[in-house]
Amino acid sequence: MRAVFQWSLGRRALELGQRTLIMGIVNVTPDSFSDGGQFLEREKAIEHAQRLLDEGADILDIGGESTRPGARVDAGPPGPAEIMPTATTKAPAANLKTRVGAPSVGAAVNASQEMKRVLPVIAELKKRHPTVVLSVDTYKAEVARAAVSAGAEIVNDVSGFRWDARMAKTIAELKCGAVLMHMRGRPEDWRMLPPASDIVLLVKRELKEWAEKAVLEGVRRERIVLDPGFGFGKRFEENYPLLGGFGELQAAGFPLLAGTSRKSFIGRTLARDGHDVPPEGRLYGTLATETALILKGAHIVRTHDVKAAVEAARVADAILRGR
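Residues numbered from 1 in each chain as written. Predicted model: local features only at pLDDT ≥ 70, side-chain atom pairs only at ≥ 80, totals over all residues. Heavy atoms only, no water.

Caption draft 1: Quick look at the overall build of the protein chain. Counting its secondary structure elements, the protein chain contains nine helices and ten strands. Classification of the 323 residues of the protein chain by burial places 55% in the buried group. Across the protein chain, every contact between residues at least 6 apart in sequence was considered, and the portion connecting residues at least 24 apart equals 72%. Carbon and sulfur atoms make up 54% of the accessible area of the protein chain, which amounts to about 13700 Å² in all. (Helix = DSSP H or I, 4+ residues; strand = E, 2+ residues; numbered from the N terminus. Buried < 20%, exposed > 50% of the residue type's maximum accessible area, 1.4 Å probe, protein only. Contact = heavy atoms within 4.5 Å. Areas by Shrake-Rupley, 256 points an atom, 1.4 Å probe, with all protein chains shown as cover.)

Right, dumping it as structure tokens:
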């Protein structure tokens, strides 16, 4: 059964576990893998966010930098766990391909660029909907602080607080909610990642270690949600064992978020005539994974397709209640 938590966001708390919450994705970026460029303009991003709210999103996750495969990130030097094998290691390439037609990889997005994209969207949404729950998708402490000042109540850090040494202490000071996600390596290095001997054990161990480190730096446990990071440095053949073993992550004692929406491992599974199905054709595969994850204990589902996820979650929640 799924544990029930009160996720502290500072001035209020969200109940997690009685029903699945849906986090809608708003990418204010030119190069995200699925919808890059569609919502880069402020008004288009706000219109998209409004549409997601109308479809039933409980939370909106607003990001201004893509961490798609191959992307360069504006982060500090890699830690020991992030050092990649050299070319002579000949590690098999991870199945994390940039889709055909995706923008070429350019310079990393700095904090000023990222804030220019996300802050006006956060501020306007909070002005129009004072009670809306907003999350900022960033690994930079400077962006997190500015976003929370503009109205965000959650910081969703894909690096698990590891790319900016100031992040954990910043979260502690802001007293906001936080999503701590697992990632192997960095996007520009994913193709060189060696396989994990046991991906479920690795993710479970490292997420718990990183969460406990954040607690030692002052982040209260009730503010943390964990995300195993499907597709983030995971090979094609590792995502399904991770999905199958998702329930084991409950042992860490934190609420769980899952984001499989339109991921490449789904496109590969649904391949036709030897070609991966593109992101826009992955809805039904996405719903299959999201339903399975809810039944295995996910408290929050992060998705592009809110209406479909809301309906799938209602049915999955009814199954959980019927046990």
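Caption draft 2: Expanded view of the nonpolar core. L60, I62, L180 and L226 are the most contacted members of the largest nonpolar core, which has 70 residues in total. If you tally residues by element for this core, the top one is helix α5 (residues 199-216), at eight residues. Once residues within four sequence positions are removed from consideration, I62 is found in contact with V26, V28, V118, V121, I122, L125, L134, S135, V136 and D137. If you look at the next biggest cluster of nonpolar residues, it comprises 13 residues, including W7, I154, V225 and L257. (Core = buried A, V, L, I, M, F, W, Y, C linked by side-chain atoms within 4.5 Å.)

Caption draft 3: Molecular detail of the pairing of strand β3 (residues 21-27). Most of β3 sits out of view: seven of its seven residues are buried. Of the two faces of β3, the one holding L21, M23, I25 and N27 and the one holding I22, G24 and V26 are both buried throughout. With four bridges joining them, β3 and strand β10 (residues 300-303) adopt parallel strand pairing. Across the sheet, the residue bridging to L21 is I300, located in β10. Across five bridges, β3 lies against strand β4 (residues 59-63) in parallel orientation. Across the sheet, the residue bridging to I25 is D61, located in β4. (Pairing = 2+ DSSP bridges.)

Caption draft 4: Local environment of the packing of helix α1 (residues 42-54) against helix α2 (residues 111-128). Where α1 contacts α2, the two axes come as close as 10 Å, and the packing angle between them is 45 degrees. With respect to α2, the axis of α1 lies oblique. Regarding α1 and α2, the two cross each other, and that crossing is right-handed. The segment α1 lies against α2, with R42, E43, A45, I46 and A49 engaging P120, V121, E124, L125 and R128. Per-class residue counts for the contact of α1 with α2 are six nonpolar, no polar and four charged. (Axes fitted to C-alpha atoms, helices over the stretch in contact; angles between N-to-C directions. Parallel < 35°, antiparallel > 145°, perpendicular 65-115°, else oblique. Left-handed = near helix turned anticlockwise from the far one by under 90°. Nonpolar A, V, L, I, M, F, W, Y, C, P; charged D, E, K, R; others polar.)

Caption draft 5: Broad picture of the pattern of salt bridges. Scanning all chains against the criterion turns up 24 salt bridges. With a closest N to O distance of 2.6 Å, R19 and D58 form a salt bridge. Here R19, found in the loop between β2 (13-16) and β3, pairs with D58, found in the loop between α1 and β4; they are 39 residues apart in sequence, far enough to count as distant. Residues participating in the shared-partner salt-bridge network are R42, E43, E124 and R128. (Salt bridge = Lys/Arg side-chain N within 4 Å of Asp/Glu carboxyl O.)

Caption draft 6: View of unusual backbone geometry. Unlike most non-glycine residues, K175 shows phi in positive territory, near 60 degrees. Within the secondary structure, K175 is located in the loop between α4 (167-174) and β7 (177-181). Judged by relative accessible area, K175 falls into the partly exposed class, the value being 47%. Although it is not a glycine, R262 sits at a positive phi angle of roughly 60 degrees. Relative to the helices and strands, R262 is located in the loop between β9 (257-258) and α7 (264-269). On the basis of relative accessibility, which here comes to 15%, the residue R262 falls in the buried class.

The analysis is restricted to geometry; functional conclusions fall outside its scope.
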